[in-house]
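The lines below spell out each chain.
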Amino acid sequence: METVGVVGLGIMGAGIAEVFARAGLRVIGVDIDEGAVSRGRGHLESSTGKAVERGRLGAEERAAILGRITLTDKRDELADADLVIEAVPEVMELKRALFADLDRICKPSAVLATNTSSLSVTTIAANTSRPGRVVGMHFFNPAPVMKLVEVVTTVLTEDGLGGEIAELATRLGKTPIVVGDRAGFVANRLLLGYLNQACRMLEEGVASRDGIDTAMRVGAGLPMGPFQLLDLIGLDTSYEICEVLFYETKDRRHAPSPLLRELVTAGMHGRKSGQGFHPRTAKPTAPPSSGPKVTVTTIGVVGDGVDAELLRERLDTAGFKTLDGHRDADIVLAVTAPPVVDVAVRLPNPERVVGIHLVGAEVAEVVHTVLTAPEIATVAQDLARVMGRTPVACADRAGLVVNALLFPYLNDAVRMVESGYASFADVDTAMKLGCGYPQGPFEMLEAFGLETVRDGLRALYAEYREPSFAPAPLLERLVAAGMKDVKG
């Protein structure tokens, strides 16, 4: 494949054209009219210009890359292309009409590829006279930077074609994974379930927008919080992917949250519209207090284990008197899994009880029950800051914030491998290279411990009765067998 066509020259399409041209291939970029073509040229010049400014490209190399790209508003110029990849909006009717036209224009040996992130490649392929020569080639934004390419084959794809396209992706400097045609493929199928659940958590008042973002970014070590990421992806795009996922799976986990639907309907699509979960310009907030606002001298600590000992040590160092229990304490910190209210009701002053869960090295989930006095909850957050932790206030729910979002995501990954759809390695690769996660889900699962995740899922299922929260049978079997490594 030496000549490649790209249809659709938005940010994604222009990025894909740049990727092929960087690899030395001749590229023909096509869009609907001269205005769209001009905008596509602007995207290419801006992207390559920034690369020169940052020292990642030389001026001569940039000129050579741009010289390999021909831009036009005439689709017929794709007649001699070896591969044509489309990057038009995620509308099935639009893609099917485009592929029917490309089928007419392109030579019989040409491969037609879709950059869809969630739509059925099989449906698109069936609308052509060459379904065996149609594949998915899903790049991630920004295409010149992101290393992952999901190569999607269907039951109609010619034997060996998926491997050929994967080899081409490698030639482009990308890391390909070859998967079957299921909605969302690997990365979006796992990612959108997690993001949608974060929306439901916000709706239900478990924690605030900023609290959830902080918990997942600082506590779980992810590159962005879920609402920051939704704004980046686009709320409308995320909503559409969730709709496609739910249509295929009928799993409530993929049913778009009402909050997400409401924001999309209101035209709040994230960064591209100027407002989404986060406003265009954040309002200044008052700096957090440096210590308790009410007098606290004695702190009761209820609980055992490493976290309880660490809590006592940090509080003692800060000059507070800690008690092993609750008698005469101004505030009681319960180092226990939810429901914290079970501990509170057994104590004489349940309004003084707050749950504490340490996450990583920097975050403390501060759990208020229905009995906790508001001023005591505020004091607990201030105490977390005194200990050098970022507090995340949350309701007394199974999993709190971090585990309630991470464990079902890990469970989804186990189910994906259990179904034979993708390998352990491919799933980890997809989430690290496609989403920028520091660990793949199976690396994360082993770091938490299989039994810990299994037990956490059981607690979530017992509280919410969501079928997707029930531990995957494979996870149950691995724990029963005493396995520590999911790949073993």
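Heads up: the structure comes first, above all this text.
The structure contained in this document is the topic of the report that follows. Keep in mind the model is a prediction, meaning the values are calculated, not measured. (Residues numbered from 1 in each chain as written. Predicted model: local features only at pLDDT ≥ 70, side-chain atom pairs only at ≥ 80, totals over all residues. Heavy atoms only, no water.)

### Describing the overall build of the protein chain
Then comes step 1: In terms of helices and strands, the protein chain carries 19 helices and 14 strands.
Then comes step 2: Here the C-alpha atoms of the protein chain give a radius of gyration of 26 Å, agreeing with the 23 Å that 2.2 N^0.38 yields for 488 residues.
Then comes step 3: C-alpha atoms of the protein chain, sized along the principal axes, occupy 85 × 50 × 40 Å.
Then comes step 4: Classification of the 488 residues of the protein chain by burial places 52% in the buried group.
Then comes step 5: Residue pairs in contact within the protein chain that sit at least 24 positions apart in sequence constitute 69% of those at least 6 positions apart.
Then comes step 6: Carbon and sulfur atoms form 51% of the exposed surface of the protein chain, whose accessible area is close to 20,900 Å².
Then comes step 7: Across the protein chain, the centroid of the 51 positively charged side chains sits 2 Å from that of the 63 negatively charged ones. (Helix = DSSP H or I, 4+ residues; strand = E, 2+ residues; numbered from the N terminus. Rg over C-alpha atoms; globule rule 2.2 N^0.38 Å. Buried < 20%, exposed > 50% of the residue type's maximum accessible area, 1.4 Å probe, protein only. Contact = heavy atoms within 4.5 Å. Areas by Shrake-Rupley, 256 points an atom, 1.4 Å probe, with all protein chains shown as cover. Lys, Arg positive; Asp, Glu negative; His and termini not counted. Charge placed at Lys NZ, Arg CZ, Asp CG, Glu CD.)

### Quick word on the pairing of strand S2 (residues 26-30)
Then comes step 1: Across the five residues of S2, four count as buried, placing the element largely inside the fold.
Then comes step 2: By the bridge criterion, five bridges tie strand S1 (residues 3-7) to S2 in an arrangement that is parallel. Residue pairing for S2: Val 7 is matched across the bridge by Val 30.
Then comes step 3: Following the backbone out of S1, through helix H1 (residues 11-22) and into the adjacent parallel S2, one traces a crossover that is right-handed. (Pairing = 2+ DSSP bridges. Right-handed = clockwise from strand over helix to strand, strands pointing away.)

### Focus: helix H7 (residues 187-203)
In an α-helix, one turn spans 3.6 residues; hence positions three or four apart end up facing the same way.
Then comes step 1: Compared with an ideal rise of 1.5 Å per residue, which puts 17 residues at 24 Å, H7 spans 25 Å between its outermost C-alpha atoms and is within 8% of the ideal.
Then comes step 2: Counting buried residues along H7, 15 of its 17 residues qualify, which places the element largely inside the surrounding structure.
Then comes step 3: Immediately beyond the C-terminal end of H7, within one or two residues, lies Gly 205, with a positive phi of roughly 75°. (Expected span 1.5 Å × (residues − 1).)

### Focus on the nonpolar core
Then comes step 1: Counting 105 residues, the largest nonpolar core has Val 186 and Val 401 as the members making the most contacts within it.
Then comes step 2: When residues in this core are grouped by element, the largest group, eleven residues, is from helix H15 (residues 402-418).
Then comes step 3: The residues touching Val 186, leaving out its near neighbours within four places in the chain, are Glu 150, Ile 177, Val 179, Met 416, Tyr 421, Ala 422, Val 427 and Ala 430.
Then comes step 4: If you look at the next biggest cluster of nonpolar residues, it comprises 35 residues, including Val 6, Ala 21, Leu 71 and Val 135. (Core = buried A, V, L, I, M, F, W, Y, C linked by side-chain atoms within 4.5 Å.)

### A look at the packing of aromatic side chains
Then comes step 1: Inspection of every chain in the model, using the stated rule, returns seven aromatic pairs.
Then comes step 2: Look at Tyr 194 and Tyr 409: their rings are 6.4 Å apart centre to centre, the planes differ by 55°, and that puts the pair in the tilted class. Of this pair, Tyr 194 sits in helix H7 while Tyr 409 sits in helix H15, placing them 215 residues apart in sequence. With respect to class, Tyr 194 is no different from Tyr 409; both count as buried.
Then comes step 3: Ring centres of Phe 424 and Phe 442 lie 4.8 Å apart, and the angle between their planes is 85°; this geometry places the pair in the edge-to-face category. Of this pair, Phe 424 sits in helix H16 (residues 424-435) while Phe 442 sits in helix H17 (residues 441-448), placing them 18 residues apart in sequence. (Phe/Tyr/Trp six-rings, centres within 6.5 Å; stacked < 30°, edge-to-face > 60°.)

### Considerations on the layout of surface pockets
Then comes step 1: Estimated volume of the second largest pocket: approximately 300 Å³.
Then comes step 2: Ala 337, Pro 338, His 357, Gly 399 and Asn 403 are the residues nearest the centre of the second largest pocket, which is lined by 16 residues in total.
Then comes step 3: Among the secondary structure elements, those contributing two or more residues to the lining of the second largest pocket are strand S12 (353-359), H15 and helix H18 (450-464).
Then comes step 4: Broken down by element, the lining of the second largest pocket gets its largest block of residues, four residues, from H18.
Then comes step 5: Here the residues of the lining of the second largest pocket sort into nine nonpolar, five polar and two charged. (1 Å grid on protein atoms, 1.4 Å probe; cavity = no way out; pocket = protein on both sides within 12 Å on 5 of 7 lines; lining within 4 Å. Points joined across faces, edges and corners; volume = space filled by probe spheres on them. Nonpolar A, V, L, I, M, F, W, Y, C, P; charged D, E, K, R; others polar.)

### Describing the sheet that holds strand S14 (residues 390-395)
The pairing of strands in a sheet happens through backbone hydrogen bonds and is either parallel or antiparallel.
Then comes step 1: With mixed pairing, six strands are arranged side by side in an open sheet as S10-S9-S11-S12-S13-S14. The open sheet has two free edges, formed respectively by strand S10 (321-323) and S14, since each of these has just one partner strand. The average angle at which neighbouring strand axes cross in this sheet is 30°, direction not considered.
Then comes step 2: Examined bridge by bridge, S12 and strand S13 (residues 363-368) share five bridges and lie antiparallel to one another. Residue pairing across strands places His 357 opposite Glu 365, the latter belonging to S13.
Then comes step 3: Sitting on the sheet, helix H12 (residues 306-317) is in contact with strand S9 (298-302), S10, strand S11 (331-334) and S12, with an inclination near 170° to S9. (Axes fitted to C-alpha atoms, helices over the stretch in contact; angles between N-to-C directions.)

### Considering a nonpolar patch on the surface
Then comes step 1: Taken together, Val 345, Val 370 and Leu 371 make up a surface patch of nonpolar side chains, about 300 Å² in accessible area.
Then comes step 2: By the secondary structure assignment, Val 345 is in the loop between helix H13 (341-344) and S12. (Patch = residues over 30% accessible without salt bridge, like charges linked within 9 Å, V, L, I, M, F, W, Y side chains within 5 Å. Salt bridge = Lys/Arg side-chain N within 4 Å of Asp/Glu carboxyl O.)

### Overview of the side chain of Asn 403
Then comes step 1: Within the secondary structure layout, Asn 403 lies in helix H15.
Then comes step 2: Contact partners of Asn 403, with chain neighbours within four places excluded, come to His 357, Pro 408, Phe 448 and Leu 460.

### Thoughts on the side chain of Thr 369
Then comes step 1: As for its placement among the helices and strands, Thr 369 is situated in the loop between S13 and helix H14 (374-386).
Then comes step 2: On the accessibility criterion, Thr 369 (7% relative accessible area) is buried.
Then comes step 3: Looking at Thr 369, its side chain comes within polar contact range of the main-chain nitrogen of Leu 371, at 3.0 Å.
Then comes step 4: In this view, Thr 369 contacts Val 340, Val 341 and Asp 396; residues no more than four positions away in its chain are not counted. (Polar contact = N/O pair within 3.5 Å; in protein donor to acceptor, adjacent residues only side chain to side chain.)

### Topic: the pattern of salt bridges
Side chains that differ in charge, positive against negative, can pair when their charged atoms come close.
Then comes step 1: Counted under the stated rule, the structure contains 24 salt bridges.
Then comes step 2: Here Asp 82 and Lys 107 are joined by a salt bridge, their closest N and O atoms 2.8 Å apart. Here Asp 82 is found in the loop between strand S3 (69-72) and strand S4 (83-86), whereas its partner Lys 107 is found in the loop between helix H4 (92-105) and strand S5 (111-114), with 25 residues between them in sequence.
Then comes step 3: Lys 107 sits in the partly exposed class, given a relative accessible area of 27%.
Then comes step 4: Note that Lys 432 and Glu 443 form a salt bridge whose closest N and O atoms lie 3.1 Å from each other. Placement of Lys 432 in helix H16 and of Glu 443 in helix H17 is noted, with a sequence separation of eleven residues between them.
Then comes step 5: A single salt-bridge network, built from bridges that share partners, covers Glu 451, Arg 454, Asp 455, Arg 458 and Glu 476.

### As for the sheet that holds S2
Then comes step 1: Here we have eight strands laid out as an open sheet, ordered S3-S2-S1-S4-S5-S6-S7-S8, and mixed in their pairing. Two strands lie at the open edges of the sheet, namely S3 and strand S8 (175-179), each paired on one side alone. Here the average twist between neighbouring strands, direction ignored, is 25°.
Then comes step 2: When strand S7 (residues 148-152) meets S8, the two strands line up parallel, connected through five bridges. Counterpart to Val 151 in the pairing with S8 is Val 178.
Then comes step 3: Packing against the sheet, H4 makes contact with S1, S4, S5 and strand S6 (134-139), and its axis sits at approximately 165° to S5.

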